[in-house]
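This is what each chain is made of:
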Amino acid sequence: MALTDLLDLQLAVPDPDALQEFWNRRGLLTTGPGCLGTPERASQLRLIDDDYRHVSEVRVACSEESDLRSISMGLEALGLSSTSGDGWLESVDPIFGHTVRVEVGTAAPLAPATVRTMNRPGVSARIDRRSEAALREDVPAPRRVGHVVFGSPDPARSVEYYVNGLGFKVSDSLPAVQSTFLRCSTDHHSVLIMPAPVPCMNHYALEMDDIDAIGLRGIEIVQERPDASIYGMGRHVVGSNVFWYFLDPAGGMFELFTDMDQIHDDEKWERDVRRDDWDPFTIAAYESGISKMDFFLPVDIDTIAAGRERAGL
Ligand SMILES: [Fe+2]
């Protein structure tokens, strides 16, 4: 059974037009009604209207039709049903209530990001010319949606659903803080499950070309809304990604990231099960300050809880 990619996310928010316009200003293209993407990947974020913000669908890819049958059996073993058709399967996440849709196929390949020539101590690789990074003429847009992080009131059951039901792989786990990094692609994590009192999205993440692209877009966001920056810039310990986290206009946290660990060979990757005295705040090799509680739990968690109650979840 082999999942290959995170294809896109559907986000339900009270004002999808405002969120769409925000992402248009960050360089994502409107590729259809409520659909944001890139020239290479037409659908990365799909936006729909709801009275509280939540993820409403996660779409992933698998290699072949037989994978769908394996997933169906994995779900059945957990006592969960699924629906399927030619080349697809849909399941409802038992904790969150969102749909996970698995499709046979792969995400469109990405053109390699331009590697900028960097001068370093002792290495003058770029001589007699300015860096393209200094010119700000072409501010790079996000390249793809990379991962989504869920806060679950039952992290163990959520991990069981994604791993034993859907076939995600565990990259690293931090048992002391009930957090598990899961992948459905070569990215270190496509989904991260962490604890929360109410099922909620912690953040979604978009991959950028490099640290300059994060800096350029990040400063642009802060210039537009000075209080939008939540956490960063920094580099995570688990996954190694450079990050900067912001709040979007719907109140959802998102991350611009680059340089995440890639896992191609399960045998070679040394899974890290952290010691029990793991400090949950030690999540970055370096970082720029935040109110970390805002990072771990959405500030609008009560609104989300009320929305879920109205929706009968
Ligand atoms: Fe992240």
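See the structure printed just above.
In what follows, the accompanying structure is described.

Thresholds, definitions, all that
Residues numbered from 1 in each chain as written. Predicted model: local features only at pLDDT ≥ 70, side-chain atom pairs only at ≥ 80, totals over all residues. Heavy atoms only, no water. Helix = DSSP H or I, 4+ residues; strand = E, 2+ residues; numbered from the N terminus. Rg over C-alpha atoms; globule rule 2.2 N^0.38 Å. Buried < 20%, exposed > 50% of the residue type's maximum accessible area, 1.4 Å probe, protein only. Contact = heavy atoms within 4.5 Å. Areas by Shrake-Rupley, 256 points an atom, 1.4 Å probe, with all protein chains shown as cover. Lys, Arg positive; Asp, Glu negative; His and termini not counted. Charge placed at Lys NZ, Arg CZ, Asp CG, Glu CD. Salt bridge = Lys/Arg side-chain N within 4 Å of Asp/Glu carboxyl O. Donors = N, O, S within 2.8 Å, 3.2 Å for Na, K, Ca; no water. Pairing = 2+ DSSP bridges. Axes fitted to C-alpha atoms, helices over the stretch in contact; angles between N-to-C directions. Core = buried A, V, L, I, M, F, W, Y, C linked by side-chain atoms within 4.5 Å. Phe/Tyr/Trp six-rings, centres within 6.5 Å; stacked < 30°, edge-to-face > 60°. Lys NZ or Arg CZ within 6 Å of the ring centre and 35° of its normal. Polar contact = N/O pair within 3.5 Å; in protein donor to acceptor, adjacent residues only side chain to side chain.

## What to know about the overall build of the chain
Phase 1 of the analysis: Across its full length, the chain carries six helices and 18 strands.
Phase 2 of the analysis: Against the 2.2 N^0.38 benchmark of 20 Å for 313 residues, the chain shows a C-alpha radius of gyration of 19 Å, consistent with a compact globule.
Phase 3 of the analysis: Each principal axis of the C-alpha atoms in the chain carries an extent, and together these give about 65 × 45 × 45 Å.
Phase 4 of the analysis: Out of the 313 residues in the chain, the part that is buried amounts to 52%.
Phase 5 of the analysis: The long-range share in the chain, meaning contacts at least 24 apart out of those at least 6 apart in sequence, stands at 68%.
Phase 6 of the analysis: When the accessible surface of the chain is totalled, it reaches about 14300 Å², and 50% of it is carbon and sulfur.
Phase 7 of the analysis: Averaging the positions of the 29 positive and the 50 negative side-chain charges in the chain gives two centres separated by 5 Å.

## Details of the pattern of salt bridges
Phase 1 of the analysis: All told, the structure shown has 23 salt bridges when counted by the stated rule.
Phase 2 of the analysis: When the shortest N-O distance is used, the salt bridge between D259 and R235 registers 2.9 Å. Taken together, the residues span a long stretch of sequence, with D259 in the loop between β16 (253-258) and β17 (272-273) and R235 in strand β14 (residues 229-236) at a distance of 24 residues.
Phase 3 of the analysis: Judged by its relative accessible area of 45%, D259 falls in the partly exposed class.
Phase 4 of the analysis: The class for R235 is partly exposed, based on a relative accessible area of 25%.
Phase 5 of the analysis: Taken together, the salt bridges that share partners define one network made up of D8, R46, E57, R59, E90, R101 and E103.

## Notes on the coordination of the iron ion
Phase 1 of the analysis: Coordination of the iron ion by the protein is provided by H147 (NE2), H203 (NE2) and E255 (OE), with metal-donor distances spanning 2.0 to 2.1 Å.
Phase 2 of the analysis: Classification of H203 by relative accessible area gives buried; the value is 3%.

## Some details on the sheet that holds strand β2 (residues 29-32)
Phase 1 of the analysis: In spatial order, the strands read β2-β3-β4-β1-β5-β8-β7-β6; together these eight strands make up an open sheet with mixed pairing. Each edge of the sheet is formed by a strand with only one pairing partner; in this case those strands are β2 and β6 (83-85). Averaged over all adjacent pairs, the angle separating strand axes in this sheet is 25 degrees, with direction ignored.
Phase 2 of the analysis: Pairing analysis gives three bridges linking β6 to strand β7 (residues 88-92), with the strands arranged antiparallel. Within the sheet, the bridge partner assigned to G85 lies in β7 and is W88.

## Quick notes on the nonpolar core
Generally speaking, soluble globular proteins have nonpolar side chains that are buried together.
Phase 1 of the analysis: With 51 residues, the main nonpolar core has W23 and L45 as its most contacted residues.
Phase 2 of the analysis: With sequence-adjacent residues up to four places away left out, W23 is seen in contact with L28, L36, L45, P142, Y204, L206, F254 and L256.
Phase 3 of the analysis: Residues M253, I283, A284 and F295 belong to the second largest nonpolar core, which totals 16 residues.

## Topic: unusual backbone geometry
Phase 1 of the analysis: Residue M233 is bonded to the preceding G232 through a cis peptide linkage, with omega at 5 degrees.
Phase 2 of the analysis: By the secondary structure assignment, M233 is in strand β14.
Phase 3 of the analysis: A positive phi angle, near 65 degrees, is found at D128, a position not held by glycine.
Phase 4 of the analysis: Here D128 lies in the loop between β8 (99-104) and β9 (144-152).
Phase 5 of the analysis: Classification of D128 as exposed rests on a relative accessible area of 79%.
Phase 6 of the analysis: The backbone of S240 shows a phi angle near 70 degrees, a positive value even though the residue is not glycine.
Phase 7 of the analysis: In this structure, S240 sits in the loop between β14 and β15 (242-247).

## Quick look at the packing of aromatic side chains
Phase 1 of the analysis: Evaluation of the coordinates by the stated rule reveals 17 aromatic pairs.
Phase 2 of the analysis: Where F22 meets W23, the ring centres are 5.1 Å apart and the plane angle is 80 degrees; that geometry is what we call edge-to-face.
Phase 3 of the analysis: By relative accessible area, which is 0% here, W23 ends up buried.
Phase 4 of the analysis: Seen in terms of ring centroids, W244 and F246 are 4.9 Å apart; in terms of plane orientation they differ by 40 degrees. Their pairing is tilted. F246 shares its class with W244; the two are buried.
Phase 5 of the analysis: In textbook terms, an aromatic cluster arises when at least three aromatic residues are bridged by ring pairs, as seen for F22, W23, Y204, W244, F246 and F254.
Phase 6 of the analysis: Here the basic side chain of R26 rests over the ring of F22, its NZ or CZ set 4.9 Å away from the ring centre.

## Digging into the side chain of H54
Phase 1 of the analysis: Summarising the element assignment, H54 is placed in strand β5 (residues 54-62).
Phase 2 of the analysis: Here the side chain of H54 touches D50 through a polar contact of 2.8 Å, side chain to side chain.
Phase 3 of the analysis: With residues up to four places along the chain from it excluded, the contact list for H54 reads Q10, L11 and A12.

## Things to note about the environment of F22
Phase 1 of the analysis: You can see F22 is positioned in helix α1 (residues 16-25).
Phase 2 of the analysis: Sequence separation between F22 and V60 is 38 residues, and the spatial gap between their C-alpha atoms is 25 Å.
Phase 3 of the analysis: Once residues lying within four places of it in the same chain are set aside, the contact partners of F22 are I221, E224, D248, P249 and F254.

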